[in-house]
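Structural overview
Listed below are the residues making up each chain.
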Amino acid sequence: SCITEHERILQEIESTDTACVGPTLRSVYDDQPNAHKRFMEKLEVRIRNHDREIEKMCNFHHQGFVDAITELLKVRADAEKLMGQVTDTNRRLQDAGREVTAQTEEVIRCRIQQRNMTTTVERLQLCIPVLEMYSKLKEQLESKRYYAALKTMEQLEKVYIPRVSRYRFCQIMAENLPKLREDIKDISMSDLKDFLESIRKHSDKIGETAMKQKQAEYRCLHIYTVLGDRETFENYYRKQRKKQARLVLQPQSNMQETVEGYRRYFNQIVGFFLVEDHVLHSTQGLLTRAFTDELWNMALSKITAVLRTHSSYCSDPDLVLQLKNLIVIFADTLQGYGYPVNRLFDLLFEIRDQYNETLLKKWALVFREIFELDNYSPIPVETEEEYKSVVSRFPFHDAEIEKQDFPKKLPMSQSVPQIYVQVKEFIYASLKFSESLHRSWTEIDDMLRKSTNLLLTRTLSGCLQHLTKKPHIGLTELVQIIINTTHLEQACKYLEDFITNITNVSPETVHTTRLYGLSTFKDARHAAEGEIYTKLNQKIDEFIQLADYDWGMPESDGQASGYLMDLINFLRSTFQVFTHLPGKVAQTACMSACKHLSTSLMQMVLDSELKQISMGAVQQFNLDVIQCELFASSEPVPGFQGDTLQLAFIDLRQLLDLFMVWDWSTYLADYGQPTSKYLRVNPSTALALLEKMKDTSKKNNIFSQFRKNDRDKQKLIETVVKQLRSLVNGMSQHS
């Protein structure tokens, strides 16, 4: 038992942590006397056993250890060499990395500069119109065109400054405008004071001149009266004044070139008739109202004819507007002396039509330039400020897009807000002519709406029609044009409101003209849709022309032709672009493309120039048609019911099935039945293809195999051909 106990103690020492071995050793000394000696002997034996085991293990692993040390010594040289290579590689990598880092930092710096430049250009594009308008205001003030300056101020306050109100210079402009208004007011009052002072200063000279002229006129008239020949004097005076009137009314040949030419013309006429009015009221019987009325009517006929002719040569709307202002002043001046001027205001309405024509021509160029510079891609907006800038120029509201995070894209391209702004500018320009014509706001409202209708239905519509026909306008651009016209159409109601805000005439008024923008943009959209269908078919034709079938091939390639897979990939990517289009347009385009493709493939195998087709070629052709059917069934455009799109290829499918299965007995038996499996296969079509597959001297023809395998089948083919011919003849006789 002592030995057993010692054995337990030894096991405990071997398995216990050295920190806890004390109590175990103490138990050795607590036992029987001399027990520790026996334990020491036992311990020595256990140690010797362990030493032997260690020696055996070392002997066993010694050679491996020696080999490992030898191998390690060999590896050391390679390791040192590798360490040198790694160090050298690391050094070169660090050198290259420093260069890449420097270049990367330069690229980052350039990118930041580029982004800053782009942002600056965008900001400048927003600011330039404001600065141009402010410059225009300064020019008007310098040239003392104060009424025009007030109108420009109004546009700045209502339209231009709100777009960029966050900039300091715009705030300064806005703060400066009330001061400029006060300056105009003060200048106008100063002009009035100068005028009154001038009248007071020169009234004695005016009176002296008038009295001298009157004295000479009394004296001449008095002498002739005393001599009893007053009638001669009156006749001579009237005759001479008529001659002078004709001279005064004769314009200079180049009068229409400058506003000064018109001004001199009107000044002469006003001066002439002011003298007549003075003579009429200051003499007794020398002139009569009937004579002055006759003279004025003659003059009025001449004036209206001259102005009608000369204004028709004017192509500058600004000059026409200046002429209108002169005519209004001219008419108001003479009307103040009692001369009837209604015909002049009627003439102004004719000139207004001429003015509108010049405006329409000018805006046609503006619209074409906008369309020319458009990139026909959705407007990108990076920040809230950019978004507000766009919607401040164009009434766009879309709850889904407003929820999106920046950056985002608006569906229309940049031409849409530009066109909208230009239509408003046209309305302002048209309004300028209507001012001071002594017409009611209802009439002015009607004139504005009619001229805007002309702009939309004739000018803008013509530009859009011209745009869709341009060769560089592809499918992507046409899709964007359709989207653009949709948004412009929706904005028409805001143009209605814009005119209403100017004239304060309710759109519900009985005689109010409505804007025809809806029809304009619908027509443009239909034209673009038609171009999409045409261009899609043209692209399909281009791919079809690349087809290179070996019509005599013994068997198919086992996969669809390359040209057809390219065509299908093109159609698939194209219809992905169509996702933004109205559903009906995308569906019609897809159906039109599939039908055109089916027709083109059918025409290919029935081509009269193609004399022979092998069964291998038919099998290859069948693989291509299968790909067309797979494309149609993959719903390239959503919204088709069932297999509607696959039906575009039904004629080809039934024809190919008939030849692939060689199912003539079924075809002939069921011909003419509504339930026929080959209902879409026309006998003449089947006959035409079968004729191309007849037995000839060429190798690998399907019928040569028939002839080798079974001569009766050749007779069967001849029988089928005869039956098909009889069906075709029966159809022609029946028709």
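As a starting point, this report considers the structure included with it. Here the structure is a predicted model, which is why all the values come from computation and not from measurement.

**Quick notes on the overall build of the protein chain**
Scanning the protein chain for helices and strands turns up 25 helices and two strands. Buried positions account for 39% of the 735 residues belonging to the protein chain. The long-range fraction of contacts in the protein chain, counting pairs at least 24 apart against all pairs at least 6 apart in sequence, stands at 77%. Put simply, the protein chain shows about 42,700 Å² of open surface, and 54% of that area lies on carbon and sulfur atoms.

**Section: the packing of aromatic side chains**
Across all of its chains, the model carries 22 aromatic pairs by this definition. Judged by centre distance (6.3 Å) and plane angle (15°), the ring pair of Tyr167 and Phe169 falls under stacked. Taking the relative accessible area as the measure of exposure, Phe169 reaches 29% and is therefore partly exposed. Geometrically, the ring pair formed by Trp551 and Phe621 is tilted, given 6.3 Å between the ring centres and 45° between the ring planes. With Trp551 in the loop between helix 17 (517-544) and helix 18 (562-577) and Phe621 in helix 20 (residues 615-633), this pair connects stretches of sequence that are 70 residues apart. You can call Phe621 buried: its relative accessible area is 2%. Among the aromatic side chains, those forming a connected cluster through ring pairs are Phe659, Trp662, Trp664, Tyr667, Tyr671 and Tyr678. One residue, Lys408, lies across the ring of Tyr387, its end atom 4.9 Å from the ring centre. Over the face of the ring belonging to Phe406 we find Lys408, whose NZ or CZ atom lies 4.4 Å from the ring centre.

**A look at a negative patch on the surface**
Residues Asp548, Asp550, Glu555 and Asp557 make up a contiguous surface patch of negative charge. Its location among the elements puts Glu555 in the loop between helix 17 and helix 18.

**Thoughts on the nonpolar core**
Trp296, Ile303, Ile532, Leu536, Phe575 and Phe621 are the most contacted members of the largest nonpolar core, which has 178 residues in total. Take this core: its biggest share by element is 13 residues, from helix 10 (residues 342-373). When near neighbours in sequence (up to four residues on either side) are disregarded, Trp296 contacts Phe273, Ile303, Phe330, Leu334, Tyr339, Pro340 and Val341.

**Details of the pattern of salt bridges**
A complete count under the given rule lists 24 salt bridges for this structure. Between Arg92 and Asp88 there is a salt bridge, with the nearest N and O atoms lying 3.1 Å from each other. Pair noted here: Arg92 and Asp88 are both in helix 3 (residues 35-142), with a separation of four residues, about one helical turn. Classification of Asp88 as partly exposed rests on a relative accessible area of 31%. A salt bridge links Glu260 to Arg263; its shortest N-O distance comes to 2.5 Å.

**A closer look at the environment of Tyr376**
Residue position: Tyr376 is located in the loop between helix 10 and strand 1 (379-381). Along the primary structure Tyr376 and Met412 are separated by 36 residues, whereas in three dimensions their C-alpha atoms are 8.2 Å apart. Within polar-contact distance, the side chain of Tyr376 engages the backbone oxygen of Phe371 at 2.8 Å.

**A closer look at the side chain of Lys408**
Inspection of the secondary structure assignment puts Lys408 in strand 2 (residues 408-410). Buried charge without a partner: Lys408 forms no salt bridge, and the closest opposite charge is Glu384, 5.8 Å away. In terms of polar contacts, Lys408 uses its side chain to reach the backbone carbonyl oxygen of Glu402, at 3.4 Å. Filtering out sequence-adjacent residues up to four positions away, Lys408 remains in contact with Ile379, Pro380, Val381, Tyr387, Ile401 and Glu402.

**Focus: the packing of helix 8 (residues 289-312) against helix 9 (residues 317-335)**
Their axes nearest at 13 Å, the elements helix 8 and helix 9 cross at an angle of 175°. Classified by the interaxial angle, the pair formed by helix 8 and helix 9 is roughly antiparallel. Contact residues: helix 8 offers Trp296, Ile303, Leu307 and Ser311, while helix 9 offers Leu323, Ile327, Phe330 and Leu334. The residue inventory of the contact of helix 8 with helix 9, partitioned by class, reads seven nonpolar, one polar and no charged.

**Overview of helix 11 (residues 384-393)**
Along helix 11, the residues that are buried comprise Glu386, Tyr387, Ser389, Val390 and Arg393. Along the axis of helix 11, the buried positions cluster into a sector of 160°, meaning they face one direction only.

**Considerations on the side chain of Lys424**
Checked against the element boundaries, Lys424 lands in helix 13 (residues 415-434). Notably, Lys424 is buried but unbridged: the nearest opposite-charge side chain belongs to Glu425, and the N-O separation is 7.8 Å. Contacts of Lys424, omitting those with residues within four sequence positions, involve Leu495 and Phe498.

Criteria and thresholds
Residues numbered from 1 in each chain as written. Predicted model: local features only at pLDDT ≥ 70, side-chain atom pairs only at ≥ 80, totals over all residues. Heavy atoms only, no water. Helix = DSSP H or I, 4+ residues; strand = E, 2+ residues; numbered from the N terminus. Buried < 20%, exposed > 50% of the residue type's maximum accessible area, 1.4 Å probe, protein only. Contact = heavy atoms within 4.5 Å. Areas by Shrake-Rupley, 256 points an atom, 1.4 Å probe, with all protein chains shown as cover. Phe/Tyr/Trp six-rings, centres within 6.5 Å; stacked < 30°, edge-to-face > 60°. Lys NZ or Arg CZ within 6 Å of the ring centre and 35° of its normal. Patch = residues over 30% accessible without salt bridge, like charges linked within 9 Å, V, L, I, M, F, W, Y side chains within 5 Å. Salt bridge = Lys/Arg side-chain N within 4 Å of Asp/Glu carboxyl O. Lys, Arg positive; Asp, Glu negative; His and termini not counted. Charge placed at Lys NZ, Arg CZ, Asp CG, Glu CD. Core = buried A, V, L, I, M, F, W, Y, C linked by side-chain atoms within 4.5 Å. Polar contact = N/O pair within 3.5 Å; in protein donor to acceptor, adjacent residues only side chain to side chain. Axes fitted to C-alpha atoms, helices over the stretch in contact; angles between N-to-C directions. Parallel < 35°, antiparallel > 145°, perpendicular 65-115°, else oblique. Nonpolar A, V, L, I, M, F, W, Y, C, P; charged D, E, K, R; others polar. Arc of directions from axis to C-beta.

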